[in-house]
Amino acid sequence: MVKFLDIQKITDSFEPRLIEAVQRVVRNGWYLLGEEVAAFEKEYASYIGVKHCIGVANGLDALRLIMKAWLEMGLMKEGDEVIVPANTYIASILAVTDNRLRPVLVEPDMTTYNLDLAKVEEHITPRTRAIMVVHLYGRVCWSEELEQIAARHNLKIIEDNAQAAGAEWVDAGGRPAVSGHMVRKTGSLGDAAGNSFYPGKNLGALGDGGAVTTNDDELARVVRALANYGSTKKYVNDYQGLNSRLDEIQAAVLRVKLPRLDEDNRRRRHIARQYHNLISTPGIILPVATGTESIEEDHGHVYHLFVIRHYERDRLQQHLTENGVQTLIHYPIPPHKQRAYSHWNTMTFPLTEQIHREVLSLPVSQVMEEEEYRRVVEILNNFRSNA
Ligand SMILES: *Cc1c(COP(=O)(O)O)cnc(C)c1O
């Protein structure tokens, strides 16, 4: 059988250093807000190319806390609007509504499945305060025009970087170094970013974890306080905060895994390129590269997921399942059709709905073997469509 994602195998590939890291923390006897978290925050900030990284409990909290901080800072107020992609994992949108802000859903670009940046400006109103881009499936969602629109309308840009750890954006002119980096990584492009270290993400912990990355000193200070009961000094509370912290064990685990992230992403791109070269199933739509380079050279996509589309998606998935290939659907129900957002259920977003009907995620990971992806290709290419 070809597993969709073999997390045990990923963990094993880091041994014995993971066990050693966990043991170090267990024996150290200090489990929260200690030196492992401080060291990881420094290392991740430097990797992403930002001034500040604040470790938090998970990716959803990272996004929530950014907007909660902007509310505290008086940059937004309840009922203000945030432009979000209609086609995303629901957590992006939960972070907005949890803060009593109003998500304004915008349709995707059908070649990238990311927010259609050309449609952003027409959704801006006097209440709009921010644009959230989601680097969905690991593909960077960014443009110079987006930066200009945000500047022109005085809007914040928040990145949901949960799926794209390690992805890079290079503008047409090959913009030079930013804080010592020759390229700009996702997580450093907007005013602030939410990062997730959920075990299945490209940089995964052994449990929940997340981080806010930003170059904004004041935002970093407020997020750090909000994540720790609203306190900057023990037993002195400036805000009505939360308890949302990255713990020492997870930070120690992430410090073992971060140095291999680029290599892991290279392996994912290698598999994506093989899929591209070898898959010839009739009717299948494969993901396209983000730039002019070959998929392998293209750092604008880290293939958190390798998502194909097919008009007979359910039959195709069944065919793969029957032949021992695990696949998943990201995602089966769009946010506006969820019961959680019942007031949106009558709205129609045709492109978003088409994506949800047709997408299928093939197995891809840093530990996938050649014989496994070749098997996936063979089964796929044996599929006979009804049409
Ligand atoms: C995983 C994910 C999140 C949430 O991250 P958690 O760490 O699971 O809370 C948010 N947005 C997107 C796009 C995600 O894939």
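Above this text sits the structure in question.
Not measured: the values here are computed from a predicted model.

Participant: Got a minute to help me understand the nonpolar core in this structure?
Facilitator: Inside soluble globular proteins, nonpolar side chains tend to come together where they are buried. Core analysis: the largest hydrophobic core is formed by 44 residues, its most contacted members being Met67, Trp70, Val82, Met132 and Tyr137. With seven residues, the top contributor of residues to this core is helix H4 (residues 59-72). Filtering out sequence-adjacent residues up to four positions away, methionine 67 remains in contact with Val82, Ala95, Val96, Asn99, Leu101, Met132 and Ile158. Membership of the second largest hydrophobic core comes to 24 residues, among which are Ala272, Ile284, Val376 and Val377.

Participant: Sorry, what's going on with the packing of aromatic side chains here?
Facilitator: Any pair of aromatic rings gets described here by the distance separating the centres and the angle formed by the planes. Counting across every chain of the model gives nine aromatic pairs. Relative to phenylalanine 306, the ring of tyrosine 303 lies with its centre 5.8 Å away and its plane at 25°, an arrangement referred to as stacked. By the burial criterion, tyrosine 303 is buried, and phenylalanine 306 matches it. Their ring planes at 25° and their centres at 4.5 Å tell us that tyrosine 341 and tryptophan 344 sit as a pair that is stacked.

Participant: Before we go on, may I ask you to explain the environment of glycine 55 in this structure?
Facilitator: Tracing the sequence through the fold places glycine 55 in strand E1 (residues 52-56). Between the alpha carbons of glycine 55 and tryptophan 344 there is a distance of 33 Å; along the sequence they are 289 residues apart. With near-sequence residues (within four places) excluded, glycine 55 lies in contact with Glu41, Gly210, Ala211, Ser244, Arg245 and Leu246.

Participant: Would you take a moment to explain helix H3 (residues 35-48) for this structure?
Facilitator: Look at H3: 20 Å from first C-alpha to last across 14 residues, which is about the 20 Å you get at 1.5 Å a residue. Within H3 the residues assigned to the buried category are Glu36, Val37, Ala39, Phe40, Glu41, Tyr44, Ala45, Tyr47 and Ile48. Within two residues after H3, glycine 49 carries a phi angle of roughly 90°, on the positive side.

Participant: When you look at the side chain of histidine 330 in this model, what are you seeing that I'm missing?
Facilitator: Topologically, histidine 330 is positioned in the loop between helix H10 (313-322) and helix H11 (350-358). For histidine 330, the side chain forms a polar contact with the side chain of serine 361, separated by 2.7 Å. Among all residues touching histidine 330, those that are not within four sequence positions of it are Phe4, Tyr137, Leu305, Val359 and Ser361.

Cut-offs applied
- Residues numbered from 1 in each chain as written.
- Predicted model: local features only at pLDDT ≥ 70, side-chain atom pairs only at ≥ 80, totals over all residues.
- Heavy atoms only, no water.
- Core = buried A, V, L, I, M, F, W, Y, C linked by side-chain atoms within 4.5 Å.
- Buried < 20%, exposed > 50% of the residue type's maximum accessible area, 1.4 Å probe, protein only.
- Helix = DSSP H or I, 4+ residues; strand = E, 2+ residues; numbered from the N terminus.
- Contact = heavy atoms within 4.5 Å.
- Phe/Tyr/Trp six-rings, centres within 6.5 Å; stacked < 30°, edge-to-face > 60°.
- Expected span 1.5 Å × (residues − 1).
- Polar contact = N/O pair within 3.5 Å; in protein donor to acceptor, adjacent residues only side chain to side chain.

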